[in-house]
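# Geometric and topological summary
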Amino acid sequence: MTMVAKDTWDFLFQYENLQFADGRNMTYLCYCVEEKNGDTPMLLHIDVLQNEVAGSHVEILFLSFMRRFLASIDQSLQEARESQVTWYISWSPCADCANTVATFLRERNNVHLRLFASRLYYRDVPEYQQGLRALKEAGAQVEIMSSLEFSDCWDHFVDHQGECFEPWEEMDENVEIFSQKLQDILETR
DNA sequence: ATTTTCAAT
Ligand SMILES: [Zn+2]
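Read on for an overview of the structure. (Residues numbered from 1 in each chain as written. Chains lettered and ligands numbered in written order. Predicted model: local features only at pLDDT ≥ 70, side-chain atom pairs only at ≥ 80, totals over all residues. Heavy atoms only, no water.)

### Some remarks on the protein's contact with DNA strand B
Of all residues adjacent to DNA strand B, which total 21 residues, the nearest are Ala 54, Glu 59, Ser 92, Tyr 121 and Tyr 122. A breakdown of the atoms of DNA strand B within 4 Å of the protein gives sugar and phosphate a share of 42%. Residue Gly 23 places a main-chain N or O atom 3.4 Å away from a phosphate oxygen belonging to DNA strand B. Glu 59 places a side-chain nitrogen or oxygen 2.9 Å from a base nitrogen of DNA strand B. Its residues assigned to classes, the surface near DNA strand B shows 11 nonpolar, 7 polar and 3 charged. (Near = heavy atom within 4 Å. Polar contact = N/O pair within 3.5 Å; in protein donor to acceptor, adjacent residues only side chain to side chain. Nonpolar A, V, L, I, M, F, W, Y, C, P; charged D, E, K, R; others polar.)

Next up, the structure:
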């Protein structure tokens, strides 16, 4: 059920969780939207976004999509609908996007976001750290992509031609480093 | 080793 085809080389280059990710000067956002009501979640939408060069960040492109999407379904189903959004994002959100998304989540109590980032973007800049805390405080689940998420992302968003996901060197070590850093950031007040 | 980063020295 691959609905979105991303090149395998491109995926591995852009999502590799290096500590110093030279040349990854763009961002991918693989996402899906599911209906949360009922026992089994129902897939409503799945897509991949990339930022516009020197333009909108992927988070803003996502919000544009989501606003249109909600407007189209709210008419028929009104407020009863709970949607679960899952993000697999190559760089974690910048401060501005994080705050914009946090505001969106506060306005939409029936939208739930799980955010998995491969790498932390400007991890030591206080404003960026604050942005991640704002997302969490707005109810988002903010985590680092681990082997499970890389594998899921590969399965659903990559044109892998039947090839299995092969973890790269240092993947687990880097997951650990970024997870610890994220934990430190989210625990700070 | 102490580097890069939603591009542009
Ligand atoms: Zn941004």
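Back to the write-up after that little detour.
### With respect to the sheet that holds strand E2 (residues 42-50)
Within the open sheet, the 5 strands sit side by side as E2-E1-E3-E4-E5. Their pairing is mixed. The sheet is open, and its two borders are formed by E2 and strand E5 (141-144), each paired with just one other strand. Pairwise comparison of adjacent strand axes, ignoring direction, gives a mean angle of 15 degrees for this sheet. Taken together, the 8 bridges between strand E3 (residues 83-91) and strand E4 (residues 111-119) define a ladder with parallel strand orientation. Of the residues in E4, the one forming a bridge with Gln 84 is His 112. Relative to the sheet, helix H1 (residues 8-15) contacts strand E1 (28-35), E3 and E4, its axis offset from that of E1 by approximately 100 degrees. (Pairing = 2+ DSSP bridges. Helix = DSSP H or I, 4+ residues; strand = E, 2+ residues; numbered from the N terminus. Axes fitted to C-alpha atoms, helices over the stretch in contact; angles between N-to-C directions. Contact = heavy atoms within 4.5 Å.)

### Here's the deal with the coordination of the zinc ion
Coordination of the zinc ion by the protein is provided by His 57 (ND1), Cys 94 (SG) and Cys 97 (SG), with metal-donor distances spanning 1.9 to 2.2 Å. In the primary sequence, the donor residues of the zinc ion line up as H-x36-C-x2-C. In this pair, His 57 sits in the loop between E2 and helix H2 (58-77) while Cys 94 sits in the loop between E3 and helix H3 (95-107), placing the two residues 37 residues apart along the sequence. By relative accessible area, which is 31% here, His 57 ends up partly exposed. (Donors = N, O, S within 2.8 Å, 3.2 Å for Na, K, Ca; no water. Buried < 20%, exposed > 50% of the residue type's maximum accessible area, 1.4 Å probe, protein only.)

### Some thoughts on the nonpolar core
By size, the foremost hydrophobic cluster in this structure holds 57 residues, and its most contacted members are Tyr 15, Phe 62, Met 66, Trp 87 and Leu 135. Setting aside its immediate chain neighbours within four residues, Phe 62 contacts Leu 29, Tyr 31, Leu 49, Val 85 and Trp 87. (Core = buried A, V, L, I, M, F, W, Y, C linked by side-chain atoms within 4.5 Å.)

### Comments concerning the pairing of E3
Within a regular strand, side chains alternate between the sheet's two faces. Counted residue by residue, E3 has 9 buried out of 9 residues, so it is predominantly covered. Tracing the backbone out of E3, into H3 and back to the parallel element E4 gives a crossover that is right-handed. (Right-handed = clockwise from strand over helix to strand, strands pointing away.)

### Overview of the environment of Leu 105
With respect to the helices, strands and loops of the structure, Leu 105 is situated in helix H3. For Leu 105, a relative accessible area of 6% gives the class buried. In this structure, Leu 105 is in contact with Val 111, Leu 113, Ala 138 and Ala 140, ignoring residues within four places of it in sequence.

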